[in-house]
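# Observations on the three-dimensional arrangement
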Protein chains: 2
Amino acid sequence: MTLLFAAPDLELMAWRTRLAGLAPGRAVVAASEAFDPAAIRYVLSWRHPPGSLTGLPNLKAVFSLGAGVDHLLADPWLPDVPIVRVVDPDLRDRMSEWVVMHALVHLRRLRTYERRQRERLWLDDDTQPKASEVAVGMLGLGALGADAARKLLVLGFRVSGWTATPKTLDGVACFDGPDGLLAMLAGTDMLIALLPLTQATRGILNAALFARLRPGGALGGPILINAGRGGLQVEKDIVAALDSGVLKGASLDVFEREPLPAQSPLWSHPDVYVSPHNAAVSEPGAVAAGIVRQIEAFERGEPLRHVVDRAREY
Amino acid sequence: MTLLFAAPDLELMAWRTRLAGLAPGRAVVAASEAFDPAAIRYVLSWRHPPGSLTGLPNLKAVFSLGAGVDHLLADPWLPDVPIVRVVDPDLRDRMSEWVVMHALVHLRRLRTYERRQRERLWLDDDTQPKASEVAVGMLGLGALGADAARKLLVLGFRVSGWTATPKTLDGVACFDGPDGLLAMLAGTDMLIALLPLTQATRGILNAALFARLRPGGALGGPILINAGRGGLQVEKDIVAALDSGVLKGASLDVFEREPLPAQSPLWSHPDVYVSPHNAAVSEPGAVAAGIVRQIEAFERGEPLRHVVDRAREY
């Protein structure tokens, strides 16, 4: 009944306290401690060292401690047990706050008006487009993408969405597959990436894709918003597209390397917002409670929820 | 059947073209031109000079060309005919974009992160509150306030609203009257003013009111957002409240004097957003179409809509 905590970057003591409160009967051991491998039933992982989860004969499931499971699937020796994703309504709501804020900030040209404010310049020479004149294209309509899409619709944006496999969502023009992607991009003014990182999506935000976005448009050029995974984007292509005008602006919360290196030109581009991967931070209490609830249900004989499909990688 | 255009600051030619397209049979004369007073049935006004609408024996109604009618009611010689407000869904949606954007910008501390970006500083030391931890208090739940309230609810904010006379709105804790105002303020983290400017509301955003807001709270102090009318606010009290920490921050689109004088300390306060009265600009085409529709319905015998109650001043 023991839980193995395999998250070298997270604070063991805080998680131990949290789990002790939620599941008093269970031992929690850290990967760095001595423990009996046969006692481990569940692993809680965040970026465990590849190969460190082998030799656990009674392992039932591995729980990711954050959204996204690419860090888990990157382990070629990952045990053949169910991998469970975090699906946290709180994290979803935080993500939508960040996405809607950035959609509005580009729509209403907040940075232009902030610049004018610093110059004490009272000037309104812009014909600002309305949300209803802007076509948002969502890459990904999972728990996060679908919630952001719904909230953007309420604000008046036109919303399309692309998914690997067909999906329908009220009020959203849905596209799928490679041809569907090109069709959606051709009508997109603001591209919002909330995709999982998989072999198919790695580097998808690249020069070839940006070239397919609608030029011009209500915002004067396409906007890229990525709060998914840094591995989705090719940053040298983003910089080149911004410099050439293929992209008009961007809001990026995730990067190929984090922290974003100080020499990256993204920091200083006038129409780029950089945030330190904090669009939606998992609240450890909510994540822990969700995992303990799942374990208890599983031990009552119920199926695990949010299990990763290893073929799809999410 | 003639329309009198009494808006010295607006472009006569553009309005004449617009109205000619919508109502081909009607003459449009400007107050500065020679015309037969007996021919005038309707006035289209934006800040007409007080006293300039007298002596029109066949006048049926005065239409405001912008949201708000305080400019009309300021004329002591205003003819005793119905005064009609602009109620434009487009203007309402633009206003909600601006209000929701600023609510999110304060919630997610965008300016802090922009400052760090300029310093190429990757730092996330803030525990950012969630929208659901923030109590928004709306002053005014008219067409604009109610729409903004609804959209803030979708984003997860807790929303209360205060109106002069009792009102109910789904999901919004409603308060009215002087005691209701104090009760709402005591639980408010973010105060959003979308009130008409009347004798009762002039200067309502003052030191005494700010002192009743909840200190501390999820945002570290109360935020003031005013996109209503500049006359609602006492700017020296806002500056003093910001300096003393009674207010944590503000987003202001309207001012006592516009353009905001260059020497105002509001321009440079680190937690204040200043915009040049462009949160929601009436789209002339939509306003003109609404007025022509109203005139045609009125002449078919239907009642005028959105008529101002002179006692309430809106």
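### Focus: helix α9 (residues 284-299) of chain A
All names here are of chain A.
- Between its first and last C-alpha, α9 extends 22 Å over 16 residues, near the 22 Å set by a 1.5 Å rise per residue.
- All of the buried residues in α9 are V287, A288, A289, G290, I291, V292, Q294, I295 and A297.
- Against β1 (2-6), α1 (12-22), β3 (40-45), β4 (61-64) and β5 (83-84) lie the buried residues of α9.
- Within two residues after α9, G301 carries a phi angle of roughly 100 degrees, on the positive side.

### Things to note about unusual backbone geometry
- Between A:E258 and A:P259 the backbone carries a cis peptide bond, its omega angle lying at -5 degrees.
- With respect to the helices and strands, the residue A:P259 is situated in the loop between β11 (249-252) and β12 (272-274).
- Phi is positive for A:R109, close to 50 degrees, though the residue is something other than glycine.
- For A:R109, the location among the structural elements is in the loop between α3 (89-107) and α4 (110-118).
- Phi at B:E313 is positive, roughly 70 degrees, even though this residue is not glycine.

### Some points on the domain arrangement of chain A
All names here are of chain A.
- When its domains are assigned, chain A resolves into domain 1 (2-88 + 282-299) and domain 2 (89-274).
- Taking only C-alpha atoms, the centre of domain 1 and the centre of domain 2 are 33 Å apart.
- In this assembly, eight residues from domain 1 lie in contact with seven residues from domain 2.
- Here domain 1 packs against domain 2, burying approximately 660 Å² in sum over the two surfaces, 49% of which is carbon and sulfur.
- The largest per-residue losses of area from domain 1 upon contact with domain 2 belong to A67, D70 and D88, which jointly make up 70% of the total buried on that side.
- One can count one salt bridge joining domain 1 with domain 2.
- D70 is paired through a salt bridge with R229; the nearest N and O atoms lie 2.9 Å apart.
- At the junction of domain 1 and domain 2, the tally comes to four residue pairs in polar contact (both at pLDDT 80 or more).
- Taken together, the residues that form the side of domain 1 that touches domain 2 break down as three nonpolar, two polar and three charged.

### Focus: the relation of the copies chain A and chain B
- Superposing chain A onto chain B takes a rotation of 180 degrees plus a shift of 0.0 Å along the axis, which leaves an RMSD of 0.1 Å. Such values leave the two copies arranged in the relation of a two-fold axis. Taking C-alpha positions as the reference, the residue of chain A nearest the rotation axis is A:M101, at 2.8 Å.
- When the interface residues of chain A are mapped onto chain B, 100% of them are again interface residues, pointing to one common binding face.

### Concerning the pattern of salt bridges
- Considering all chains together, one arrives at 34 salt bridges over all chains under this definition.
- Two residues, B:R300 and B:E302, come together in a salt bridge whose shortest N-O distance is 3.3 Å.
- What makes B:E302 partly exposed here is its relative accessible area of 37%.
- Among the ionic contacts, a cluster of salt bridges with common partners joins A:R92, A:D93, A:D147, A:R150 and A:K151.

### Focus on the packing of α3(A) against helix α5 (residues 143-154) of chain A
Residue and element names in this part refer to chain A.
- At their nearest, the axes of α3 and α5 sit 9 Å apart, and the two run at 45 degrees to each other. Comparing their axes, α5 and α3 come out oblique. By crossing handedness, the relation of α3 to α5 is classed as right-handed. For the pair α3 and α5, contact is made by L91, R92, D93, M95, S96, V99, V100 and A103 and by A143, L144, D147, A148, K151 and L152, respectively.

### Looking at the nonpolar core
- Within the largest apolar cluster, 66 residues are counted, with the highest numbers of intra-cluster contacts made by A:M138, A:L152, A:F157, B:M138, B:L152 and B:F157.
- The residues contacting A:L152, other than those within four sequence positions of it, are A:V99, A:V100, A:A103, A:V136, A:M138, A:F157, A:V159 and A:I192.

### Thoughts on the environment of B:L10
All names here are of chain B.
- In this structure, L10 sits in the loop between β1 (2-6) and α1 (12-22).
- Expressed as a C-alpha distance, the spacing of L10 and L65, which sit 55 residues apart in the sequence, is 9.6 Å.
- With near-sequence residues (within four places) excluded, L10 lies in contact with F5, W15, W46 and L65.

### Some points on a positive patch on the surface
- A surface patch of like charges, here positive, comprises A:R115, A:R118, B:R115 and B:R118.
- If you list the elements that add at least two residues to the positive patch, you get α4 of chain A together with α4 (110-118) of chain B.
- If you trace the backbone, A:R118 turns up in helix α4.
- A:R118 gets classed as exposed once you look at its relative accessible area, which sits at 53%.

### Let's talk about the environment of A:V281
- With respect to the element layout, A:V281 can be found in the loop between β12 and α9.
- A relative accessible area of 47% places A:V281 in the partly exposed class.
- The spatial distance from the C-alpha of A:V281 to the C-alpha of A:R94 is 7.8 Å, given a sequence separation of 187 residues.
- If near-sequence neighbours (up to four positions away) are discounted, A:V281 is found in contact with A:L91 and B:D124.

### Observations concerning the packing of α3(A) against helix α3 (residues 89-107) of chain B
- The interhelical angle for the contact between α3(A) and α3(B), taken along N-to-C directions, is 125 degrees, at an axis separation of 9 Å. As the angle between them shows, α3(A) and α3(B) are arranged oblique. The interaxial crossing formed by α3(A) with α3(B) has left-handed handedness. Counted together, A:E97, A:V100, A:M101, A:L104, A:V105 and A:L107 of α3(A) and B:E97, B:V100, B:M101, B:L104, B:V105 and B:L107 of α3(B) form the full contact between these two elements.
- In terms of residue class, the contact of α3(A) with α3(B) is made up of 10 nonpolar, no polar and two charged.

### Some remarks on the sheet that holds strand β12 (residues 272-274) of chain B
Residue and element names in this part refer to chain B.
- A sheet is described by the order of its strands in space; here seven strands give the open sequence β8-β7-β6-β9-β10-β11-β12, paired in parallel fashion. In the strand order of this sheet, the two ends are held by β8 (173-176) and β12, each with one partner. Between one strand axis and the next, the sheet turns by 15 degrees as a mean value, whatever way the strands run.

### With respect to the pairing of strand β10 (residues 223-226) of chain B
Residue and element names in this part refer to chain B.
- Alternating positions in β10 separate into two faces, I223 and I225 on one and L224 and N226 on the other, with burial throughout.
- Bridging between strand β9 (residues 190-193) and β10 involves four bridges; their strand directions are parallel. The residue bridging L191 from the neighbouring strand is L224, located in β10.
- As defined by bridge partners, β10 adjoins strand β11 (residues 249-252) across four bridges and the pair is classed as parallel. Paired with I225 across the strands is S251, a residue of β11.
- Remark: the β10/helix α8 (residues 235-244)/β11 crossover connection has right-handed handedness.

Rules behind the numbers
Here the residue numbering is sequential within each chain, running from 1 through the sequence in written order. Naming scheme: in the order in which they are written, chains are lettered from A and ligands are numbered from 1. Given that the model is predicted, a residue must reach a pLDDT of at least 70 before its local features are reported, and side-chain atom pairs must reach 80 or more before they are shown or counted; all residues, however, enter totals for whole chains, interfaces and linings. Side-chain measures here rest on the full set of heavy atoms in the structure, leaving out hydrogens and waters. Helical segments are the DSSP runs of H or I of at least four residues, strand segments are the runs of E of at least two, and each set is numbered from the N terminus. Between the first and last residue of a helix there are one fewer steps than residues, each counted as 1.5 Å, and that sum is the expected span. Here the term buried applies to any residue with accessible area under 20% of the maximum for its type, exposed to any over 50%, and partly exposed to those in between, with areas from a 1.4 Å probe on protein chains only. Contact criterion: two residues are considered in contact whenever any of their non-hydrogen atoms come within 4.5 Å of each other. Each domain's extent is set by a domain assignment, obtained either automatically or from a database. Two parts lose some accessible area (1.4 Å probe) when they are put together, and adding that loss for both gives the buried area. When a carboxyl oxygen of Asp or Glu lies within 4 Å of a side-chain nitrogen of Lys or Arg, that pair is called a salt bridge. Polar contact is the term for a pair of N or O atoms within 3.5 Å; when the atoms are in protein, one must be able to donate a hydrogen and the other to accept it, and sequence-neighboring residues count only if both atoms are side-chain atoms. Put simply, Ala, Val, Leu, Ile, Met, Phe, Trp, Tyr, Cys and Pro go in the nonpolar bin, Asp, Glu, Lys and Arg in the charged bin, and everything else, Gly too, in the polar bin. The copies were overlaid by least squares, fitting only the C-alpha atoms of residues that reach a pLDDT of 70 or more in each copy. Lines are fitted to the C-alpha atoms to define the axes, a helix being fitted only along its stretch in contact, and any angle between axes, read from their N-to-C directions, falls within 0 to 180 degrees. Relative orientations are named as follows: roughly parallel for angles under 35 degrees, roughly antiparallel for angles over 145 degrees, roughly perpendicular for angles from 65 to 115 degrees, and oblique for any other angle. Note on convention: near helix rotated counterclockwise from far helix by under a right angle means a left-handed crossing. Clockwise means right-handed. By convention a nonpolar core is built from buried Ala, Val, Leu, Ile, Met, Phe, Trp, Tyr and Cys residues, the set being connected through side-chain atoms within 4.5 Å. Excluding any residue in a salt bridge, patches collect residues exceeding 30% relative accessible area, merging like charges within 9 Å and nonpolar Val, Leu, Ile, Met, Phe, Trp and Tyr side chains within 5 Å. Using a 1.4 Å probe, the Shrake-Rupley method yields the accessible areas, and only the shown protein chains count as cover for residues. In this tally, Asp and Glu contribute negative charge and Lys and Arg positive charge; neither His nor the terminal groups of the chain are included. For this purpose, a charge sits on NZ of Lys, CZ of Arg, CG of Asp or CD of Glu. Strand pairing is assigned whenever DSSP detects at least two bridges linking the two strands. The path from the first strand over the helix to the second decides the hand: if it runs clockwise while the strands point away from the viewer, the crossover is right-handed.

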